[in-house]
Amino acid sequence: MEKQGPFWEETFNVRAYEVDHKGQAKFQTLFNYLQEAASNHAAFLKLSKTDFDRMGLTWVLSRFHVRVYHYPFWNQHVKVQTWPSLKERLFALRDFEMFDEKGKALALATSSWMMIDFKARRAVRLPEFLAEYTNQEKGRALEDTFERLPELQTTHHEKEFQVRLSDLDMNRHVNSAVYIDWALEAVPEEIRTQQFLHEVEVNYRAEAVYGQRILSQVEIADRQNDQTILYHRLLRTDREQELCRMVSRWRAK
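The structure displayed is predicted, hence computed values, not measured ones.

Novice: What am I meant to see in the overall build of the protein here?
Specialist: A count of helical and extended segments in the protein gives 4 helices and 12 strands. Relative to its length of 253 residues, the protein is compact, with a C-alpha radius of gyration of 18 Å against a globular reference of 18 Å. Principal-axis analysis of the C-alpha atoms gives the protein an extent of 50 × 50 × 30 Å. Residues counted as buried form 52% of the 253 residues belonging to the protein. Long-range contacts, defined as pairs at least 24 residues apart, comprise 72% of the intrachain contacts of the protein with a sequence gap of at least 6. Surface summary for the protein: the accessible area is close to 13,100 Å², and the carbon and sulfur share equals 46%. Counting 36 positive and 38 negative side-chain charges, the protein places the centres of these two groups 3 Å from one another.

In structure tokens form, the structure reads like this:
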């Protein structure tokens with residue numbers, strides 16, 4: 001790990017249990033590396049969930065946008081660089097760059113985080129001192145103003161899941177990577193096998209907890225030549241509450 005205050009660098013080794021049948025890292029693997037690097041950097045800066053617990057506050061991921069150029073393979077080393085890029089009234093933005101051991105760009109990403117009052121269950125204004133930690137020199141890795149993601153107009157494919165204990169995070173809510181797992185599981189096989197998952201934009205809208213049943217729905221929004229755009233929605237089946245909204249973009253391999 002390379003610790004440089006508002007800039008963090010960390011290297012991951014792709015494990016056998018993090019790859020698909022071709023030995024290539026899954027999208028969720030890259031997403032987990034980004035989250036791990038962000039969490040470790042926050043802990044180093046003393047801005048982690050643990051540091052804010054005593055104030056009754058916690059970080060919640062609101063938006064994530066990842067653009068992948070290449071997927072690494074088993075036993076390759078992956079370097080993640082991350083930094084706080086911008087502080088707004090209710091949102092702290094964090095950006096990422098990912099490279100292989102030869103310096104080739106693998107992915108770019110940006111994310112938006114809110115701070116929640118745990119008892120009141122509502123967002124609070126970010127502390128002013130967080131502005132000191134933004135890295136103005138690095139700026140944004142991926143430009144995104146986080147506009148509202150499109151709502152599904154129709155459902156072409158869907159699958160249902162039940163929340164397991166292993167799906168939960170430290171807040172006892174479904175981990176953000178699991179939402180992406182569920183969304184991608186409902187993608188038609190011919191798209192998953194014949195095309196390359198190039199980009200994901202996700203908006204987390206509500207929490208899910210143990211035992212709830214979740215419906216993953218997919219709309220094929222646009223399909224032309226060798227490119228496909230999918231809209232995704234995750235719903236709680238008992239209340240038809242929208243938990244997550246996502247857009248995935250696929251390209252020819």
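Novice: Can you walk me through the packing of aromatic side chains in this structure?
Specialist: For any two aromatic rings, the description comes down to two numbers: the centre-to-centre distance and the angle of the planes. All told, the structure shown has 10 aromatic pairs when counted by the stated rule. Arranged with centres 5.3 Å apart and planes meeting at 75°, the rings of Y71 and F196 form a pair that is edge-to-face. With a gap of 125 residues between them, Y71 in the loop between β3 (57-68) and β4 (77-87) and F196 in strand β9 (residues 195-204) connect regions that are remote in the sequence. For the pair Y71 and F196, one class covers both residues: buried. A ring pair is formed by Y179 and Y204, whose centres lie 5.4 Å apart and whose planes are at 85°; its orientation type is edge-to-face. Of this pair, Y179 sits in helix α3 (residues 176-185) while Y204 is found in strand β9, placing the two residues 25 residues apart along the sequence. In this pair, the class of Y179 matches that of Y204, namely buried. The rings of F161, Y179, W182 and Y204 are connected pair by pair, giving a single aromatic cluster. A cation sits over an aromatic face here: K138 above W83, 4.5 Å from the ring centre.

Novice: Explanation requested: the side chain of S176 in the structure shown.
Specialist: Inspection of the secondary structure assignment puts S176 in helix α3. When sequence neighbours within four positions are dropped, the list of residues in contact with S176 reads F31, Q35, L61 and Y204.

Novice: So what exactly am I meant to see when it comes to the side chain of Q35 here?
Specialist: One can find Q35 in helix α1 (residues 27-44). For Q35, a relative accessible area of 14% puts it in the buried group.

How each quantity is defined
- Residues numbered from 1 in each chain as written.
- Predicted model: local features only at pLDDT ≥ 70, side-chain atom pairs only at ≥ 80, totals over all residues.
- Heavy atoms only, no water.
- Helix = DSSP H or I, 4+ residues; strand = E, 2+ residues; numbered from the N terminus.
- Rg over C-alpha atoms; globule rule 2.2 N^0.38 Å.
- Buried < 20%, exposed > 50% of the residue type's maximum accessible area, 1.4 Å probe, protein only.
- Contact = heavy atoms within 4.5 Å.
- Areas by Shrake-Rupley, 256 points an atom, 1.4 Å probe, with all protein chains shown as cover.
- Lys, Arg positive; Asp, Glu negative; His and termini not counted.
- Charge placed at Lys NZ, Arg CZ, Asp CG, Glu CD.
- Phe/Tyr/Trp six-rings, centres within 6.5 Å; stacked < 30°, edge-to-face > 60°.
- Lys NZ or Arg CZ within 6 Å of the ring centre and 35° of its normal.

As far as function goes, none of this settles anything; it's purely spatial.
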